[in-house]
Amino acid sequence: MENTTKITAACVIENGKVYVNSKLDFAAEGSATSLDFLKAAYTHYQLNYPKFYKMDSLCKLAMVASELLMRTNRINEKYASEAIALIIANGASSLEIDTEHQVSIADEANFFPSPAVFVYTLPNILIGEIAIRNKIKGENTFFIFDTFDEDFIHSYTDSLMNNDKAKCVIAGWVDFYEDKYRAFLYTVERTNEGEAHTTTNINKLIDNKLNFERN
Amino acid sequence: MSQKIYVTGIGLISAIGDNVEQTLDSLTRGKTGIGELELIDTIHKTRIKVGEVKHTNEELIKRVGLPADTKITRTSLLGMIAAKEAMMWAGIKDTNDFRTGIVSATSVGGMAITENNFNDYLNVEKTGDFLDYILTHDCGDSTEVMAKYLHIKDYVSTISTACSSSANSIMLGARLIKNNMVDRVVVGGSDSLSKFTINGFMTLMILDKEQCKPFDKDRKGLNLGEGAGFIVLESERAAAGKEILCELTGYGNSNDAYHQTASSPTGDGAFLAMEKALRLSGLKPKDIDYINAHGTGTEVNDLSEGTAIHRIFGDAVPMISSTKAFTGHTLGACGGIEAVLSVLAIKYNLVFPSLNFTNQMNELKFRPSTVLETEHPINHVLSNSFGFGGNSSALIFSRH
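Figured I'd write up the structure that's included with this text. Everything quoted here is computed from the prediction, not taken from an experiment.

Let's shift gears to the overall build of chain A. What chain A contains, in helices and strands, is eight helices and eight strands. For 215 residues, the compact-globule estimate of 2.2 N^0.38 gives 17 Å, and chain A sits close to it at 17 Å. Its C-alpha atoms put chain A at 65 × 35 × 30 Å along the principal axes. When burial is assessed residue by residue, chain A has 53% of its 215 residues classed as buried. When contacts within chain A are restricted to residue pairs at least 6 apart in sequence, long-range pairs at least 24 apart make up 67% of them. A total accessible area of about 10100 Å² is found for chain A, and carbon and sulfur atoms account for 48% of it.

Structure below.
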């Protein structure tokens, strides 16, 4: 069906595995830490964005997921930078780096806050990093939920598309806390191809069960 | 559902006046509010110039008519004074006759008190009055306090997006009316000076030791300021029979996608925000009579904003000035304060001077207005506010 919103690509990262469009694309299960895994993914995919090393773990995760999404679906070649929106949520906010910052200022005798750390102590910075990397200038909003709220994100995304606020939306979840992480990002576009943008299909893509091959 | 957004009230307090009348007097006489810092005890006292409201918190508490021992922040007090004036101007005596909301912006919230109590807070054994201030720290507290004072119950929200905060609160207010969520809304922002911002901007090395010089080739940085500015927006229905000061015809917000803190040198965010505002208003660039620029006097802002202005207006840049050299940069309040000044520009056909300007920037073809212009009809004013991280907003006010 033309002119309805479709899920056109997805990238899921969890448990040492990277899935692109529901297919396992990279695994480094032997990584000692989550951070090691992200660095291994960065090297494996030759992401070639040195700023990656300066980022906190949350942004590193967002960067790998978004880079792979943009490689499989080159939306920034199809749409004006103002027409792409970013609607992303997570559960742990930026607590991972907040804690690191807190530790650096907790001891009066060894008080050494770092601007390079401090600058990441907001979760929506990850949206900023994706936007800066890909020159995305559309609507962007970051939400914090206990768990992913597919109904909310679905209706928010469709609302942006239906009101002509965006022609393409990158939506999903990027969460990193205490060495646990999970990310899934997907693109929604108005097109003939792709799977219908429904909450059922969003849940399928999260489980890597949405079939992107049929088109 | 109202598609027109009317401005029916204005109120402000800053270094150049406690109300609209005093402010207009300072602006027309070219009298700056920037000078020595007196009310905050900091080691930087002699190294900076600021736009300070020369009343102590005790004086402000008395002025709003609260008991002398009220635990309240300077941000709340400044906001209460400005918002109350705006509501009086709009003739609002009863907030139950129409659904009434408030959207207030701030960047420091209760920081000016928290920073003084900080060492006490660290001592868990210590008790005292200072503990009562903990709940006033949060940015949202200032809006809650203002809402209570003004008897506003239908919608209360706070926006904190650095220096575009109060322009964004004005945008949100307009959208609340357009979407039939409220009939009228008090919008703007309030920020007090604090060591937090003084130290922060010192570290960034973007404070001018002397009076700031927006759009000057030899600009050295900004002067911090404090204050609050609010306007009342009303739907056609709520504004019926009232004096309409002007209409809010356009607004736009955008991001730069350039850097976590700095604006892009090509002014992409500023360009997009102005473009969106113009599109929404249905106006052409040539229709704009006056640009109240963000014009902070920093190297980066004035270049970025000026470049974006040329991208929108070409060589035909309308009369333009920055009023930051009067008030200082009031951060989260500047969009609200400058919205009031934009309304005054339309009401009295004025273009306020850009103080301290001498030498034109090599990169730009325009010079800001340096004297008070009174001879030109001012029907449409573009007001810019740009925040760290490229959060850029533009508002357009039009004669009714």
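Still more ground to cover, so stick around.
Compared with the 16 Å implied by 1.5 Å per residue over twelve residues, the 18 Å span of helix H5 (residues 139-150) of chain B between its first and last C-alpha is a close match. Its side-chain oxygen 2.8 Å from the backbone nitrogen of Gly140(B), Asp138(B) forms the N-cap of H5(B).

Turning to the pairing of strand S13 (residues 391-398) of chain B, a few remarks are in order. Residues and elements named next belong to chain B. Counted residue by residue, S13 has eight buried out of eight residues, so it is predominantly covered. Here S13 shows a buried face lined by Asn 391, Ser 393, Leu 395 and Phe 397 and a second buried face lined by Ser 392, Ala 394, Ile 396 and Ser 398. In the sheet, strand S9 (residues 246-254) pairs with S13 via seven bridges, with the strands oriented antiparallel. Bridge pairing in S13 places Gly 252 opposite Ala 394. With eight bridges connecting them, strand S12 (residues 380-387) and S13 associate as antiparallel partners. Residue pairing for S13: Ser 385 is matched across the bridge by Ser 393.

Residues and elements named next belong to chain B. Strand order in the open sheet formed by three strands is S2-S3-S7, with mixed pairing between adjacent strands. Here the strands that pair on one side only, and so sit at the sheet edges, are strand S2 (34-35) and strand S7 (224-225). Examined bridge by bridge, S2 and strand S3 (residues 50-51) share two bridges and lie antiparallel to one another. Considered in S3, the bridge of Gly 35 is made with Val 50.

For the rest of this paragraph, the subject is the sheet that holds S12(B). Residues and elements named next belong to chain B. In space, the ten strands of this open sheet follow the order S5-S4-S6-S8-S1-S9-S13-S12-S10-S11, with mixed pairing throughout. Strands at the two margins of the open sheet, each flanked by one partner only, are strand S5 (155-159) and strand S11 (319-321). Adjacent strand axes in the sheet meet at a mean angle of 20° when their direction is disregarded. Each of S9, S12 and S13 is contacted by helix H9 (residues 268-281), which is oriented at about 145° to S9, the strand it contacts most. Sitting on the sheet, helix H10 (residues 299-313) touches strand S10 (290-292), S11 and S12, and the angle it makes with S12 is about 140°.

For the rest of this paragraph, the subject is the environment of Ser157(B). Residues and elements named next belong to chain B. With respect to the helices and strands, the residue Ser 157 is situated in strand S5. Sequence spacing of Ser 157 and Leu 135 is 22 residues, and the spatial spacing of their C-alpha atoms is 17 Å. What Ser 157 contacts, discounting residues up to four positions off in sequence, is Ile 102, Val 103, Ser 104 and Thr 143.

A word on the interface of chain B and chain A. Between chain B and chain A, the residue contacts involve nine residues of the former and twelve residues of the latter. Taking both sides of the interface into account, the surface hidden between chain B and chain A amounts to around 860 Å²; carbon and sulfur atoms contribute 52%. Area buried by chain B at its contact with chain A is led by Asn255(B), Ala257(B) and Gln260(B), which between them contribute 62% of it. With a closest N to O distance of 2.6 Å, Asp268(B) and Lys137(A) form a salt bridge. There are two residue pairs in polar contact (both at pLDDT 80 or more) connecting chain B and chain A. When its residues are assigned to classes, the side of chain B that touches chain A shows three nonpolar, four polar and two charged.

Attention now goes to the pairing of strand S6 (residues 168-177) of chain A. All names here are of chain A. Of all ten residues making up S6, nine are buried, and the element is well covered by its neighbours. In terms of strand pairing, strand S4 (residues 84-90) meets S6 through six bridges, oriented parallel. Note on S6: the bridge partner recorded for Ala 89 is Trp 173. Where S6 and strand S7 (residues 180-190) come together, ten bridges link them in antiparallel fashion. Residue pairing for S7: Cys 168 is matched across the bridge by Glu 189. Taking the residues between adjacent antiparallel strands as the criterion, S6 and S7 are bridged by two residues, where Glu 178 takes a positive phi near 50°.

This part covers the environment of Phe271(B). Residue and element names in this part refer to chain B. One can find Phe 271 in helix H9. Residues Phe 271 and Ser 107 lie 164 residues apart in sequence; the distance between their C-alpha atoms is 24 Å. Discounting residues that sit within four places of it in the chain, Phe 271 has contacts with Ala 308, Arg 311 and Ile 312.

Residues three or four positions apart in an α-helix share a direction because the helix packs 3.6 residues into each turn. Residue and element names in this part refer to chain A. Those residues of helix H1 (residues 34-44) not exposed but buried are Ser 34, Phe 37, Leu 38, Ala 41 and Tyr 42. End-on view of H1: buried residues confined to an arc of 140°, all on one side of the axis. Turning to H1, the residues buried within the fold contact strand S1 (5-14), strand S2 (17-20), strand S3 (23-27), helix H2 (57-72), S6 and S7. At the exit of H1 stands Gln 46, carrying a positive phi of roughly 45°.

All names here are of chain B. Residues Leu 131, Ile 134 and Leu 135 make up a contiguous nonpolar surface patch of about 300 Å² in total accessible area. If you trace the backbone, Leu 135 turns up in the loop between helix H4 (111-122) and H5. For Leu 135, a relative accessible area of 69% puts it in the exposed group.

With that settled, consider the side chain of His154(A). All names here are of chain A. Of note, His 154 is situated in helix H7 (residues 150-162). A polar atom in the side chain of His 154 sits 2.8 Å from the backbone oxygen of His 197. For His 154, the contacting residues outside a window of four places in its chain are His 197, Thr 198, Thr 199 and Ile 202.

Let us look at the packing of helix H2 (residues 57-64) of chain B against helix H3 (residues 74-89) of chain B. Residues and elements named next belong to chain B. Look at H2 against H3: their axes get within 10 Å of each other, and the N-to-C directions meet at 40°. As summarised for this structure, H2 and H3 are arranged oblique, according to the angle between their axes. The crossing of H2 and H3 is left-handed. Contacts between H2 and H3 involve Asn 57, Leu 60, Ile 61, Arg 63 and Val 64 from the former and Arg 74, Leu 77, Leu 78, Met 80 and Ile 81 from the latter. Within the contact of H2 with H3, the residues separate by chemical class into seven nonpolar, one polar and two charged.

Let us look at the packing of aromatic side chains. In this description, a pair of aromatic rings is defined by centroid distance and the angle of the planes. Scanning the entire structure with this criterion turns up 17 aromatic pairs over all chains. Ring centres of Phe148(A) and Phe184(A) lie 4.9 Å apart, and the angle between their planes is 85°; this geometry places the pair in the edge-to-face category. Here Phe148(A), found in the loop between strand S5 (140-144) and H7, pairs with Phe184(A), found in strand S7; they are 36 residues apart in sequence, far enough to count as distant. Exposure class is identical for Phe148(A) and Phe184(A). Each is buried. Where Tyr121(B) meets Phe130(B), the ring centres are 5.6 Å apart and the plane angle is 50°; that geometry is what we call tilted. Overall, the relative accessible area of 21% leaves Tyr121(B) in the partly exposed class.

About the thresholds
- Residues numbered from 1 in each chain as written.
- Chains lettered and ligands numbered in written order.
- Predicted model: local features only at pLDDT ≥ 70, side-chain atom pairs only at ≥ 80, totals over all residues.
- Heavy atoms only, no water.
- Helix = DSSP H or I, 4+ residues; strand = E, 2+ residues; numbered from the N terminus.
- Rg over C-alpha atoms; globule rule 2.2 N^0.38 Å.
- Buried < 20%, exposed > 50% of the residue type's maximum accessible area, 1.4 Å probe, protein only.
- Contact = heavy atoms within 4.5 Å.
- Areas by Shrake-Rupley, 256 points an atom, 1.4 Å probe, with all protein chains shown as cover.
- Expected span 1.5 Å × (residues − 1).
- Polar contact = N/O pair within 3.5 Å; in protein donor to acceptor, adjacent residues only side chain to side chain.
- Pairing = 2+ DSSP bridges.
- Axes fitted to C-alpha atoms, helices over the stretch in contact; angles between N-to-C directions.
- Buried area = accessible area lost by both parts, 1.4 Å probe.
- Salt bridge = Lys/Arg side-chain N within 4 Å of Asp/Glu carboxyl O.
- Nonpolar A, V, L, I, M, F, W, Y, C, P; charged D, E, K, R; others polar.
- Arc of directions from axis to C-beta.
- Patch = residues over 30% accessible without salt bridge, like charges linked within 9 Å, V, L, I, M, F, W, Y side chains within 5 Å.
- Parallel < 35°, antiparallel > 145°, perpendicular 65-115°, else oblique.
- Left-handed = near helix turned anticlockwise from the far one by under 90°.
- Phe/Tyr/Trp six-rings, centres within 6.5 Å; stacked < 30°, edge-to-face > 60°.

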